[in-house]
Amino acid sequence: MPSLIIEPLNTQHFIMDRDDRKRNKNIGKNFMCRLQCMFSHSSSSERLSLEDTQQWSQSLERLLESKYGLATFRSFLKSEYSDENIEFWLTCEDYKKIKSSFRMSSKAKKIYEQFIKAESPKEINIDYHTREQIKRNVKTPTMHCFDDAQKIVYGLMERDSYPRFLRSDIYRTLLENLAADTAKG
């Protein structure tokens with residue numbers, strides 16, 4: 001009697017595995033198409049390639065330097081409802097480019113309200129000391145007033161989100177599909 005119960009479960013499991021692989025392959029293809037469309041104005045030399053995609057696994061820095069890598073990583077984080085860290089990091093990178101002291105002051109307050117303040121909409125995970133230091137810095141902002149928090153967030157992404165991304169179906173399927181396309185010629 002137990003073998004009758006186990007057999008249908010094993011068959012069912014095999015069918016689910018096959019269906020999951022097919023679905024993942026389609027997810028990867030669809031995701032590749034969305035990435036290509038997002039950057040369709042790019043020349044053919046800037047298209048998503050297997051080699052570039054493989055290089056994303058070398059470091060978080062390498063991943064974030066690639067426009068496709070950044071877009072893929074952001075999509076992955078959004079799918080996990082954990083995109084506040086990358087959004088904060090990118091916002092800080094933009095903030096550092098501001099030249100006008102008036103714009104810097106305004107932007108610093110917005111960043112504080114959105115990411116730093118306790119219970120803020122996209123509150124990042126930083127320690128109390130750093131949060132309080134930023135609260136003081138925002139009163140007379142400089143281009144470096146978020147540097148400590150940005151380093152903490154980068155470290156969190158590097159130790160947590162980035163390794164999960166490398167193991168994710170999105171990344172693995174993207175690699176498999178690019179490898180298959182490369183093999184076809």
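Structure shown above.
Just so we're clear, the structure is a prediction, and the values are computed from it rather than from any experiment.

Concerning unusual backbone geometry
Phi at Tyr81 takes a positive value of approximately 55°, unusual for a residue other than glycine. On the accessibility criterion, Tyr81 (75% relative accessible area) is exposed. Non-glycine residue Glu119 carries a positive phi angle of around 70°. Turning to its location among the elements, Glu119 is positioned in the loop between helix 6 (101-116) and helix 7 (128-137). Since its relative accessible area comes to 73%, Glu119 is described here as exposed.

Examining the packing of helix 5 (residues 84-95) against helix 8 (residues 147-167)
Direction vectors running N to C along helix 5 and helix 8 enclose 140°, while the axes themselves pass 10 Å from each other. The angle between helix 5 and helix 8 places the two elements in the oblique class. The way helix 5 lies across helix 8 gives a crossing that is left-handed. In this structure, helix 5 contributes Asn85, Ile86, Phe88, Trp89, Cys92 and Glu93 to the contact, and helix 8 contributes Ala149, Gln150, Val153, Tyr154, Leu156 and Met157. Among the residues forming the contact of helix 5 with helix 8, the class breakdown is nine nonpolar, two polar and one charged.

What to know about the packing of helix 8 against helix 9 (residues 169-184)
The contact between helix 8 and helix 9 brings their axes to 5 Å, and the two run at 45°. Relative to helix 9, the element helix 8 lies oblique. On helix 9, the residues that touch Phe165, Leu166 and Arg167 of helix 8 are Asp169, Tyr171 and Arg172. A class-by-class count of the residues in the contact of helix 8 with helix 9 yields three nonpolar, no polar and three charged.

A look at the pattern of salt bridges
The tally for this structure, following the rule as stated, stands at nine salt bridges. Two residues, Glu87 and Arg74, come together in a salt bridge whose shortest N-O distance is 2.9 Å. With Glu87 in helix 5 and Arg74 in helix 4 (residues 67-79), the pair connects residues that are 13 residues apart, well separated along the chain. A relative accessible area of 12% means that Glu87 is categorised as buried. Taking the shortest distance from any N to any O, the salt bridge between Lys96 and Glu93 comes out at 3.5 Å. Since its relative accessible area comes to 27%, Glu93 is described here as partly exposed.

Some thoughts on the environment of Leu50
Residue placement: Leu50 occurs in helix 2 (residues 50-55). What makes Leu50 buried here is its relative accessible area of 18%. Through-space distance from the C-alpha of Leu50 to that of Ala179 is 6.2 Å; in sequence the pair is 129 residues apart. If we skip the residues at most four places from it in the chain, Leu50 touches Leu175, Leu178, Ala179 and Thr182.

Some remarks on the nonpolar core
Phe73, Ile86, Phe88, Ile116 and Phe146 are the most contacted members of the largest nonpolar core, which totals 41 residues. Ignoring any residue separated from it by four or fewer positions in sequence, one finds Phe88 in contact with Ile111, Phe115, Ile116, Ile124, Phe146, Ala149, Gln150 and Val153.

Description of the packing of aromatic side chains
Within the structure shown, the criterion is met by eight aromatic pairs. With centroids separated by 6.0 Å and ring planes inclined at 40°, the aromatic side chains of Trp89 and Tyr154 adopt a geometry described as tilted. Note that Trp89 is positioned in helix 5 and Tyr154 in helix 8, a separation of 65 residues in sequence. What makes Trp89 buried here is its relative accessible area of 17%. Take Tyr154: its relative accessible area is 19%, and that puts it in the buried class. It is Lys67 that lies over the ring of Tyr68; its NZ or CZ is 5.8 Å from the centre.

Reading the values: rules and limits
Residues numbered from 1 in each chain as written. Predicted model: local features only at pLDDT ≥ 70, side-chain atom pairs only at ≥ 80, totals over all residues. Heavy atoms only, no water. Buried < 20%, exposed > 50% of the residue type's maximum accessible area, 1.4 Å probe, protein only. Helix = DSSP H or I, 4+ residues; strand = E, 2+ residues; numbered from the N terminus. Axes fitted to C-alpha atoms, helices over the stretch in contact; angles between N-to-C directions. Parallel < 35°, antiparallel > 145°, perpendicular 65-115°, else oblique. Left-handed = near helix turned anticlockwise from the far one by under 90°. Contact = heavy atoms within 4.5 Å. Nonpolar A, V, L, I, M, F, W, Y, C, P; charged D, E, K, R; others polar. Salt bridge = Lys/Arg side-chain N within 4 Å of Asp/Glu carboxyl O. Core = buried A, V, L, I, M, F, W, Y, C linked by side-chain atoms within 4.5 Å. Phe/Tyr/Trp six-rings, centres within 6.5 Å; stacked < 30°, edge-to-face > 60°. Lys NZ or Arg CZ within 6 Å of the ring centre and 35° of its normal.

So, to be careful, I would describe these as geometric facts and stop short of saying anything about function.
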